[in-house]
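For reference, the chains in residue letters:
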Amino acid sequence: MDSHKRWKIKFSLLMVVLIIIIYGSNYLVLGDAEHIISYIWTHLGFIPVDILVVAFLLDEIIERKEKEAMLEKLDMLMSTFFSEVGNEMINQLSHANKYKASTENLKSIKNWDDKDYDLKLEELKNTSIDFQADISPEDREEFLENLRNLLINKREFIINLINNPNLLEKEEFTGLINAILHLDEELEHRKDLSLVTDADFAHLNGDMQRVYNKLVHEWVYYLKYLNKHYPYMIALIIRTNPFDEDADVYVK
């Protein structure tokens, strides 16, 4: 028998002895056994009620803590996502976007507080960002090839993300992963990107806009998370802000 079990047995025996001493002294002093028995029965009746209340309360607290821990892990997983593929996708799509004015206010994100983040997230959730890849026909193949290579190289990583059942708790992030996989599939089936016509490129623009909208939303959410929990990590992202043409990774 290990020391932990021995401690439990000793503690239980000590409590039993204390109960006998307390109720025995009560009987010796007052001599009223009926009152003692009535008192014990009354309190025994409350034990199931106490257990019921404590059980539900503890279950609720434990469930809430487990969900918070799971969401915390998912937020940390987003850090890996942006390091692996998200930041590079934002760079490629934002630099190609004809309507850069639609993300102009993201230049000042370094000065935002929680309220600013919440307002922007609400805006991104309810409205679409204007997006159109402003790529000349002669550069179209290279642009699509770079995007396709990025997605091919990170395909296994992205598929592993979507296989995580906990991601169902983050609907927006799941939607982003599905949109990226669809764009990957569209580009993968086009073996010769030099054959992409204007009409076909317009179709791909729709897929890229869907990814871009969701990607920017999750990027802002990710920065809000870092700003709250890991402010030292957000500094690098701000210095490499893809929406700020004057951003410089080197500390001035």
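It should be emphasised that the depicted structure is a prediction, and the values quoted were computed from it without experimental measurement.

### Some thoughts on the pattern of salt bridges
Throughout the structure, instances matching the rule amount to 13 salt bridges. Taking the shortest distance from any N to any O, the salt bridge between R140 and D198 comes out at 3.0 Å. Of this pair, R140 sits in helix α4 (residues 137–153) while D198 sits in helix α7 (residues 198–229), and the two are 58 residues apart along the sequence. When its relative accessible area of 9% is taken as the criterion, R140 is described as buried. The partner of E145 in a salt bridge is R148, and the shortest N-O contact between them spans 3.0 Å. Separated by three residues within a single helix, E145 and R148 lie in helix α4, roughly one turn from each other. According to the relative accessible area criterion, E145 is partly exposed, its value standing at 25%. What makes R148 buried here is its relative accessible area of 9%. Three or more residues are tied together by salt bridges with common partners; here these are R155, D184, E188 and K191.

### Comments concerning the packing of α4 against α7
The N-to-C vectors of α4 and α7 enclose an angle of 35°; their axes lie 13 Å apart at closest approach. Judged by the sense of rotation from one axis to the other, the crossing of α4 with α7 is left-handed. Each of R140, F143, L144 and L147 in α4 lies in contact with α7, whose residues at this interface are D198, F201, L204 and M208. Grouping the constituent residues of the contact of α4 with α7 by class yields six nonpolar, no polar and two charged.

### Considerations on the environment of H203
Residue placement: H203 occurs in helix α7. A relative accessible area of 40% means that H203 is categorised as partly exposed. In the structure, H203 is positioned 29 residues away from Y232 in sequence and 40 Å away in space, judged by C-alpha atoms. In contact with H203, other than residues within four places in its own chain, are E186 and R190.

### Observations regarding helix α5 (residues 155–162)
Residues F157, I158 and L161 constitute the buried set of α5. In a view along the axis of α5, the buried residues occupy a sector of 95°, so they form one face of it.

### Observations concerning the nonpolar core
Judged by nonpolar contacts, the single largest core of 53 residues is most densely connected at F81, M89, L93, F143, M208, W219 and V220. Within the residue set of this core, elements represented by two or more residues are α2 (33–96), α3 (114–126), α4, α5, α6 (171–189), α7 and α8 (231–239).

### What about the side chain of E218?
Relative to the helices and strands, E218 is located in helix α7. Within the buried core, E218 has no salt-bridge partner, and the shortest N-O distance to an opposite charge, that of K170, equals 5.3 Å. Discounting chain neighbours no more than four positions away, the residues touching E218 are M78, F82, E172, F173 and L176.

### A look at the environment of P137
Considering the arrangement of structural elements, one finds P137 in helix α4. Taking the C-alpha atoms as reference, P137 lies 25 Å from L215; in sequence the two are 78 residues apart.

### Thoughts on the confidence of the model for the protein chain
Note that predicted coordinates carrying low pLDDT should not be read in detail. Mean pLDDT over the protein chain works out to 85, with 92% of the residues at or above the 70 mark. Per-element confidence in the protein chain ranges from a low mean pLDDT of 76 for helix α1 (residues 3–30) to a high of 94 for α4.

Cut-offs used in this document
Residues numbered from 1 in each chain as written. Predicted model: local features only at pLDDT ≥ 70, side-chain atom pairs only at ≥ 80, totals over all residues. Heavy atoms only, no water. Salt bridge = Lys/Arg side-chain N within 4 Å of Asp/Glu carboxyl O. Helix = DSSP H or I, 4+ residues; strand = E, 2+ residues; numbered from the N terminus. Buried < 20%, exposed > 50% of the residue type's maximum accessible area, 1.4 Å probe, protein only. Axes fitted to C-alpha atoms, helices over the stretch in contact; angles between N-to-C directions. Left-handed = near helix turned anticlockwise from the far one by under 90°. Contact = heavy atoms within 4.5 Å. Nonpolar A, V, L, I, M, F, W, Y, C, P; charged D, E, K, R; others polar. Arc of directions from axis to C-beta. Core = buried A, V, L, I, M, F, W, Y, C linked by side-chain atoms within 4.5 Å. Lys, Arg positive; Asp, Glu negative; His and termini not counted. pLDDT = per-residue confidence, 0-100.

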